[in-house]
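Okay, here's what each chain looks like letter by letter:
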Amino acid sequence: MISWEDACRLDEVDPIAAKREEFHLPESTIYLDGNSLGPLPNKAKQRVAQVIEEEWGEDLISSWNKHHWIDLPERVGEKIAPLVGAAPGQLTCCDSISVNLFKLLTAALSMRPGRRVVLSQQDNFPTDLYIGQGLQSLVGEARCELKTVAADQLEAALDDSVAVLLLTEVNFRDGRKHDIARLTAQAHAHDILVIWDLAHSAGAFPVELDKAGVDFAVGCGYKYLNGGPGAPAFVYVASRHQDSLSQPLSGWMGHQAPFDFNENYQAADGVTQFQTGTPGIISMSALDAALNVFADVDLDQLAKKSAALSELFIQCLSEPQADAQLELVSPASAKERGSHLAYVHPQAFAISQALIAEGVIVDFRAPDIIRFGFAPLYIRYRDIWQACRILHDIILSKRYAEARFQAREKVT
């Protein structure tokens, strides 16, 4: 049996425990939802105030040069690069995952003339599938055909008809993690280009894009990177492809010389061409500051703590005297999953609402999943122990059956 004292001792020897102090975390709240929206880093709070009061408020338009607003997309991209195993010059920060996927899918298809199939996973995150469906509708099935298969059928579906493999490394529901290196190599054996969505990876554990030979990737700034609600996303384009592709949203900021105001578009060199419109300076500045939290973090320690937190959660829930009546649908092995756990229960939504009412913030994912995220920078082992005790009490007492926990709002 794991005791409170055991959990506290784990906190005492945690090599990254001090990182928690760099976040604004509400009192009496256990935040297990950083896989959907990371909490506010103190540095981001200070930076946003500076941007609003000084840079925008006092220096106005001169801040594009004086405070280097114009360089933010590249600067933020270079801060993210080490977290995903990318050498300099391959990442830029812009737009959203959805918009960036549209750019990459279109560009990748144009690099594989004669092929039209975009292969993805049936339970991939919906926006990834929606973008594929939308592109198929836009250009017609003769040029883009989205094909989806079950996760265990992906390798068998890789053949010479496929142009692009579009996958998310960590499944948003059950947390199952793909082997990026293996699947990328298998796709390349058929001359298939690969796009990885790192929404539930970047900032939670190390990713090795360059080492795995990945072609393209996207990721968001508001989950484990803690950039704030609606924070801009990032796009990765391997350097070997940067001179041979063309992205479809040929906007002003992707131009080689935007302030020459030429009538005709000429793409910028490198990954900068994936910029489109004017960047959102306030939100990008928040992400820029938030990324400073990672500056002195050992990514291997990050990964080890992520696994240890989830293992502790599983252990607490599996104690016979604390049967929580929940079914784990995430992989049992930490090596096979990302930094969250998914449990199934017929009353999952009501239980999640009851947890939130007790100060344990979690996710509900339709139709019957409660999702617990373990962001290692600020979650403590004692938080896991306490959250499990609260969860046990809610389920065993059936407090979730109260009417107030049944009503759903727009965001669940």
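Residues numbered from 1 in each chain as written. Predicted model: local features only at pLDDT ≥ 70, side-chain atom pairs only at ≥ 80, totals over all residues. Heavy atoms only, no water.

Participant: Mind showing me how you'd approach the overall build of the protein here?
Facilitator: Scanning the protein from terminus to terminus reveals 13 helices and 15 strands. Oriented by its inertia axes, the alpha-carbon framework of the protein measures out at about 70 × 60 × 40 Å. By sequence separation, contacts in the protein at least 24 residues apart represent 72% of the contacts at least 6 residues apart. Approximately 17,800 Å² of the protein is accessible, and the part contributed by carbon and sulfur atoms is 52%. In the protein, 36 positive and 54 negative side-chain charges are present, and the distance between their average locations comes to 3 Å. (Helix = DSSP H or I, 4+ residues; strand = E, 2+ residues; numbered from the N terminus. Contact = heavy atoms within 4.5 Å. Areas by Shrake-Rupley, 256 points an atom, 1.4 Å probe, with all protein chains shown as cover. Lys, Arg positive; Asp, Glu negative; His and termini not counted. Charge placed at Lys NZ, Arg CZ, Asp CG, Glu CD.)

Participant: Help me out: how do you make sense of the packing of aromatic side chains in this one?
Facilitator: Where two aromatic rings form a pair, the distance of their centres and the angle of their planes describe that pair. All chains considered together, the criterion is met by twelve aromatic pairs. With centroids separated by 4.9 Å and ring planes inclined at 85°, the aromatic side chains of Phe-125 and Phe-172 adopt a geometry described as edge-to-face. In this pair, Phe-125 sits in the loop between strand 5 (117-121) and helix 6 (126-139) while Phe-172 sits in the loop between strand 7 (162-168) and helix 8 (180-188), placing the two residues 47 residues apart along the sequence. Residue classification places Phe-125 among the partly exposed positions, given a relative accessible area of 35%. Here Phe-349 and Phe-364 contribute two aromatic rings whose centre-to-centre distance is 5.3 Å and whose plane-to-plane angle is 80°, an arrangement assigned as edge-to-face. A residue pair is termed long-range when its members are at least 10 positions apart, and Phe-349 in helix 12 (residues 348-357) and Phe-364 in strand 14 (residues 363-365) qualify at 15 residues. Phe-349 sits in the buried class, given a relative accessible area of 6%. (Phe/Tyr/Trp six-rings, centres within 6.5 Å; stacked < 30°, edge-to-face > 60°. Buried < 20%, exposed > 50% of the residue type's maximum accessible area, 1.4 Å probe, protein only.)

Participant: How do you make sense of the environment of Val-164 when you look at a structure like this?
Facilitator: Its location among the elements puts Val-164 in strand 7. The class of Val-164 is buried, set by a relative accessible area of 0%. Sequence separation between Val-164 and Thr-127 is 37 residues, and the spatial gap between their C-alpha atoms is 17 Å. For Val-164, the contacting residues outside a window of four places in its chain are Leu-105, Ala-108, Leu-109, Val-117, Val-118, Leu-119, Ile-192, Leu-193 and Ile-195.

Participant: Even after reading the chapter, I still don't get the environment of Ser-3, so can you show me in this structure?
Facilitator: Tracing the sequence through the fold places Ser-3 in the segment before helix 1 (4-12). Classification of Ser-3 by relative accessible area gives partly exposed; the value is 22%. Separated by 82 residues in sequence, Ser-3 and Gly-85 place their C-alpha atoms 38 Å apart.

Participant: Where do I start with the sheet that holds strand 4 (residues 91-93) in this structure?
Facilitator: Within the open sheet, the seven strands sit side by side as 4-10-9-8-7-5-6. Their pairing is mixed. A single partner strand is all that each edge strand has here, and the edge strands are strand 4 and strand 6 (145-149). For this sheet the average axis-to-axis angle between neighbouring strands, irrespective of direction, equals 20°. Relative to strand 7, strand 5 runs parallel, the two being bridged by four bridges. In the sheet register, Leu-119 faces strand 7, and the bridge partner there is Leu-165. (Pairing = 2+ DSSP bridges. Axes fitted to C-alpha atoms, helices over the stretch in contact; angles between N-to-C directions.)

Honestly, it's all geometry; don't read function into it.
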